[in-house]
Amino acid sequence: MLLGIVAILLVAAGIAIAWYLIHRSHTKAQPTTVLVTTSRTPTAVPAGARIAVPALAGQSLADAKTNLKQLGLDATVRQVASTKPAGTVISQVPAAGSKLAKGGVVDLSVAKAAATQTTSTTTSATTPTTTAAAPAPAQPQTATMPNVASQTEIDAVQAIGQAGLLPSLAFVPNDDTLGTVEGQAKAAGSQLPAKSHVQINISTGPGQKPEERVPNAVGQTLQAAVSAMQGAHLRLIYLRYPVTSQSQAGKIVQQSPLAGGQAPQNAQVLVFLGALEK
């Protein structure tokens, strides 16, 4: 009987070892999220432990950056008009309590210094007069297309956004690494209307990858859009897009590819996050 029990245990151990050898290489990789802005070097957010974003509203910008750095998070800063003291954090994206991977980016809206008004008097009148504010600088009407050939999708999106153009993504079959730029619709150096859309072709990567349906992120907060993309086995990158409506601030206003389109699994979908323009 003892020999029989030993034999059974050996058989069970053999089955367990065989199962492990067969399945150990089939663990499905989880999609990661990448956040970039037009004002800084893009930061990749690696997969791994998630960090709770602290509440930063009301803190000084220096304190907020220090707190984020200690947690392994980064920050981008946008100056906004406010009655709060200059340098005070007014709001943040994503909201406090949201989870980001180490290296993730928190977008901070910070009160800017109030404009100083200058008064003067004349010898013929005692009523002070206020000098007229200087007119806002004219916005560029044209933009120069940069050369993004063979760059990563993140670098290309960053360069095109900084040039004052809006990148549109089209995924094309190619054996280069997933996310490599294979071509651009407009040649480098072309003069285009500012904020016009420019298509760039992105490699689907080697091998056959499942095609995923791109969810609709328009109207969602950044955090909700991240969750939607992860649920579809896709990743997300974003550029800030100036808006004049408070209802659009902090919400996704455009995306590429469009909702309902196809993208290879683990590809990066570009969204434009509304940033209130004063």
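Given the structure is predicted, the values throughout are model-derived calculations rather than measurements.

1. Topic: the confidence of the model for the protein
Summing up the model confidence of the protein, the mean pLDDT is 79 and the portion of residues at 70 or higher is 73%. Of the regions scoring below 50 in pLDDT, residues 18-33 engages in 17 contacts with residues more than four places distant in sequence or in other chains. The low-confidence segment residues 116-127, where pLDDT is below 50, has 9 contacts with residues more than four positions distant or belonging to other chains.

2. As for unusual backbone geometry
The step from S256 to P257 runs through a cis peptide bond, and the omega angle for that step is 0 degrees. Along the chain, P257 turns up in the loop between β17 (252-256) and β18 (262-264). In the Ramachandran plot, S150 falls in the positive-phi region, its phi being about 70 degrees despite a non-glycine side chain. Tracing the chain through its elements places S150 in the loop between β10 (142-144) and α3 (153-162). For H233, which is not a glycine, the phi torsion comes out positive at approximately 60 degrees. Checked against the element boundaries, H233 lands in the loop between α4 (222-231) and β16 (235-243).

3. Thoughts on the nonpolar core
Of all hydrophobic cores here, the largest spans 39 residues; its most connected members are I200, L234 and L236. Formed by 12 residues, the second largest nonpolar core is a distinct cluster that contains L56, L68, V89 and V110.

4. Considerations on the sheet that holds strand β19 (residues 268-276)
Within a sheet, adjacent strands bond to each other through the backbone by hydrogen bonds, running parallel or antiparallel. What the 3 strands build is an open sheet, ordered β16-β19-β17; its pairing is mixed. For this open sheet the edge positions go to β16 and β17, each flanked by a neighbour on one side alone. Neighbour-to-neighbour, the strand axes of this sheet turn through a mean angle of 25 degrees, independent of strand direction. Here α4 sits on the sheet in contact with β16, β17 and β19, set at roughly 150 degrees to β16.

5. Examining the pairing of β19
Here β19 lies mainly inside the structure; 9 of its 9 residues are buried. Every second residue of β19 is oriented toward a common face, with Q268, L270, F272, G274 and L276 on one face and V269, V271, L273 and A275 on the other, all of them buried. Direction of pairing for β16 relative to β19: parallel, over a ladder of 9 bridges. When the sheet's bridge partners are listed, P242 is paired in β19 with A275. Here β17 pairs with β19 via 4 bridges, running antiparallel. Across the sheet, residue S256 finds its bridge partner in β19, namely L270.

6. Digging into the sheet that holds strand β7 (residues 105-111)
As summarised here, the arrangement of the 3 strands in space is β4-β7-β5, forming an open sheet in which the pairing is mixed. A strand with exactly one partner marks an edge of an open sheet, and here the two such strands are β4 (74-80) and β5 (89-93). Adjacent strand axes in the sheet meet at a mean angle of 25 degrees when their direction is disregarded. Sheet analysis places β5 next to β7, joined by 4 bridges and oriented antiparallel. Bridge assignment links Q92 to a residue of β7, and that residue is L108. Where helix α2 (residues 61-71) meets the sheet, it contacts β4, β5 and β7, and its direction lies at approximately 170 degrees from that of β7.

7. What to know about α4
Within the span of α4, buried status applies to L222, A225, V226 and M229. End-on, the buried residues of α4 take up no more than an arc of 105 degrees, which puts them together on one face. Phi turns positive one or two residues past the end of α4, at H233, with a value near 60 degrees.

Rules used in this analysis
Residues numbered from 1 in each chain as written. Predicted model: local features only at pLDDT ≥ 70, side-chain atom pairs only at ≥ 80, totals over all residues. Heavy atoms only, no water. pLDDT = per-residue confidence, 0-100. Contact = heavy atoms within 4.5 Å. Helix = DSSP H or I, 4+ residues; strand = E, 2+ residues; numbered from the N terminus. Core = buried A, V, L, I, M, F, W, Y, C linked by side-chain atoms within 4.5 Å. Buried < 20%, exposed > 50% of the residue type's maximum accessible area, 1.4 Å probe, protein only. Pairing = 2+ DSSP bridges. Axes fitted to C-alpha atoms, helices over the stretch in contact; angles between N-to-C directions. Arc of directions from axis to C-beta.

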